[in-house]
Amino acid sequence: MKKTARILALVLALMMIVTCFIACGGKEDDPNVVSTTTVANNGGEGDASTTRDIYESHLTPTDWGGKVWNVLGRDANQMTNYEIDADSLNGNVVNDAVFTRNEQVKTQYGIDVVGTIVSNPTSTADLLYSGGEDLYHAVLYIPRDMIKHAQRGFFLDLNTVENIDLAHGAWDWQANEELSINGKLYIANSDFLIQAKARTYFMMYNRELFHTHEEYVDVFIEDFVESGDWTLEKFYEIANSGFASDLDGGGAGGRNDQWVLCADGKGVTRNFSFGAGYRVCKNNNGVIELVPVDDKIVNMVSEIMKVTCEATMTLEPGMFQPLDYALGIDTFADGRSLFLSDLPSSFDLSLGSSIDFEYGILPYPKYNKEQPAYYTQFNYENGSCVGIPYTVSDVPFAGYALEAVTEASTKTSLEAFIETKCKLHHSYDQKCADMLDILYDNVVYDVGAMLNVGGAYSVIYDVITYYPGNPLSRLYEKKVDAANTAIEEVNNNW
C-alpha cells in the first residue's frame, strides 16, 4: 500500500473533521440543509420574523433524578445495536462516544440510559405487547417487523408524543417522511440509530486495478460521480473493459479468478436497481401506492443483469460450496475484483484489516444523467428503526428521554461513526469521505419493499436472478393483485 500517501490523506481528513460540521441527509429540497429556519410573523405588525436553529433543543430543562430509560435492542454480531449504551470507555471510538453521550445525558437531564440487548428482540417485543407490560420506553429492531407491529397498534404516533421534536435536525426528515402513513409516524430514523448507517448499501472499487487499464490510467470514478456521469451506461462500459480474467487456467468464472464485481448475495441486482430509481412502492402524501413496472424499468433491470447475473463477471457467495458469506469481501480484499457491493459494517469483518491497495467508495450508478440524485438502500432485513411501545405508562418521560438522546447523538456517537470511523479509519482519502456524504444523502425507505408486499420485492431481490431470460414484467404481474391487497391493508390499518 502507498503508506505515505495514505498517512497524508488521513491527516488531511482529520483536519477537515475539526473544521467541518457533519452534514448527512442534505439535498436541494432538504429543509435541514441550512442550520436555521426563518418563520414569518403573520400575526403582528411589520415584517418581524423568528429564526430557529434546527439543532437548537426545545426541551424544557428538567432533572429526572437518575430515572432509568430502558431500551430494547438486538444482539447480532455486526448488526448489534451498540448505539444504545456502553459499559465503560474501552478505546473503541464509537463505544467511547456512546458512553460519553450517555454520561452527558445523565449529567444534563438526570436520565440513566440502560439497554437490554437480546438475540431476537421481535419475539421479546411480541411478548411485551401481548402482555401489556411496561418494560421498555423505546425499542429498536428490524424495520419489517416494526411495521407489522405498527399495523397492530403496538406503537405510539411520534407526532403526538410529548417532548418529541421531529423538526429538530437530529431526526431524519427524509426517512420519516417515507415512513409516515395517514399522517402517523410509528417508527422513525434519527441520528441516534447508527445501525441505520452501518446497514446502508454501498460500492467500493480497486483503484489500482482500475488504473491498469490504459484508458483509465489517470481516471477516478469518483469524478464521474461528482459530474453526474456515474450512470448504468458508464458502469456497463467499465464492466466490459476486460477486468474479468481467468487466473487459474480452469476457465473464466472460477473461485480463484478475477472478477468485475463481488457481492454479498443475489440481492446485488436489487441494489443496482434501487440505485437507478426502481421502487416497489411510493409514499404519495401519506398513502402507500404500488409502483408499476413499465418498459423503462424492464429494460433497466435487463441491462443491470448483464453484469450482476453473468457468471464470469459477478461473484456472489451462493455460487460456490461450501457456502462462505465472506467470499465476496475476501475476494475483493485479495485484489481480485474491480468492484464490491456490500455494507459499511463489512469493515468490522475482515475487510478493513486486509485491504492492501488503493481503493475508493462509491454510490450505485444512476439510471442516466437526468436522474436527480444517487440513491441507495437501507438494509431492511438487518437494520433498525426506533419506536415507543403503546404499553409505556410515563409517555412524557419516554418522549423526553428519546429526544434528549437523539439530540445528543449528532455530535457524539453519530459523528464518531461517520466522521471518524467511516471517513478517517475506513476511507482511503478525502474522495472516499466525499462519496460517503453523497451515499447518505438519499437513502431509500420503501415500505413496500420492507414488507415485501405480495412478494413483489422478492421478484427484484432474488426471483429474477433465477429466471434471467424472463422479463421482470412477466414475474412482477403475478404479484400485482396480492401486492395491492397487502398495500390496502397497510393504508387501512396504520
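Treat the numbers as computed from the prediction; the structure is a model and nothing was measured. (Residues numbered from 1 in each chain as written. Predicted model: local features only at pLDDT ≥ 70, side-chain atom pairs only at ≥ 80, totals over all residues. Heavy atoms only, no water.)

*Asks:* How would you sum up the overall build of the protein? Please name residues and give values.
*Replies:* Counting its regular elements, the protein contains 19 helices and 15 strands. Counting the 494 residues in the protein, one finds 55% classified as buried. Across the protein, contacts joining residues at least 24 apart in sequence account for 76% of those joining residues at least 6 apart. A total accessible area of about 20,100 Å² is found for the protein, and carbon and sulfur atoms account for 49% of it. (Helix = DSSP H or I, 4+ residues; strand = E, 2+ residues; numbered from the N terminus. Buried < 20%, exposed > 50% of the residue type's maximum accessible area, 1.4 Å probe, protein only. Contact = heavy atoms within 4.5 Å. Areas by Shrake-Rupley, 256 points an atom, 1.4 Å probe, with all protein chains shown as cover.)

*Asks:* Please set out the sheet that holds strand 4 (residues 111-118) residue by residue, giving values where relevant.
*Replies:* Taken together, the four strands give an open sheet; going across it, the order is 4-3-5-14, and neighbouring strands pair in mixed fashion. Since the sheet does not close on itself, it has two edges, and those belong to strand 4 and strand 14 (385-387), each with one partner. Averaged over all adjacent pairs, the angle separating strand axes in this sheet is 20°, with direction ignored. Lying on the sheet, helix 3 (residues 121-131) is in contact with strand 3 (67-74), strand 4 and strand 5 (138-141); it crosses strand 5 at an angle near 145°. Across the face of the sheet, helix 14 (residues 395-425) comes into contact with strand 3, strand 4 and strand 14 while running at roughly 70° to strand 3. (Pairing = 2+ DSSP bridges. Axes fitted to C-alpha atoms, helices over the stretch in contact; angles between N-to-C directions.)

*Asks:* So, helix 3: which residues are in play, and what are the values?
*Replies:* What helix 3 keeps buried is the set P121, T122, A125, L128 and Y129. On an axial view of helix 3, the arc spanned by its buried residues comes to 120°, and they lie on one face. Across from the buried face of helix 3, at angles greater than 90 degrees, the exposed residues are L127, S130 and G131. At its buried positions, helix 3 is contacted by strand 3, strand 4, strand 5 and helix 4 (143-151). One or two steps after helix 3, the chain reaches G132, where phi turns positive at roughly 65°. (Arc of directions from axis to C-beta.)

*Asks:* For the packing of aromatic side chains, give the residues involved together with the corresponding values.
*Replies:* Enumeration over the complete set of coordinates arrives at 26 aromatic pairs. Relative to Y390, the ring of F154 lies with its centre 5.9 Å away and its plane at 20°, an arrangement referred to as stacked. Of this pair, F154 sits in the loop between helix 4 and helix 5 (173-179) while Y390 sits in the loop between strand 14 and helix 14, and the two are 236 residues apart along the sequence. Seen from their ring centres, F272 and Y364 are 5.2 Å apart, and the 80° between their planes marks the pair as edge-to-face. Here F272, found in helix 10 (residues 268-275), pairs with Y364, found in the loop between strand 12 (359-362) and strand 13 (376-377); they are 92 residues apart in sequence, far enough to count as distant. One exposure class covers both F272 and Y364, and it is buried. Among the aromatic residues, ring-to-ring pairing joins F274, Y278, F378, Y380, Y445, Y457 and Y461 into one connected group. The positively charged end of K67 is found above the aromatic ring belonging to F397, 4.5 Å away from the centroid. (Phe/Tyr/Trp six-rings, centres within 6.5 Å; stacked < 30°, edge-to-face > 60°. Lys NZ or Arg CZ within 6 Å of the ring centre and 35° of its normal.)

*Asks:* Explain the packing of helix 10 against helix 11 (residues 295-308) residue by residue, including any values.
*Replies:* Contact geometry of helix 10 with helix 11 gives a least axis separation of 10 Å together with a crossing angle of 140°. Regarding the angle of helix 10 to helix 11, the classification is oblique. Of the two possible hands of crossing, helix 10 and helix 11 adopt the one that is right-handed. Along its contact with helix 10, which presents V268, T269, F272 and S273, the element helix 11 presents M300, V301, I304, M305 and T308. Here the contact of helix 10 with helix 11 is composed, by residue class, of six nonpolar, three polar and no charged. (Parallel < 35°, antiparallel > 145°, perpendicular 65-115°, else oblique. Left-handed = near helix turned anticlockwise from the far one by under 90°. Nonpolar A, V, L, I, M, F, W, Y, C, P; charged D, E, K, R; others polar.)

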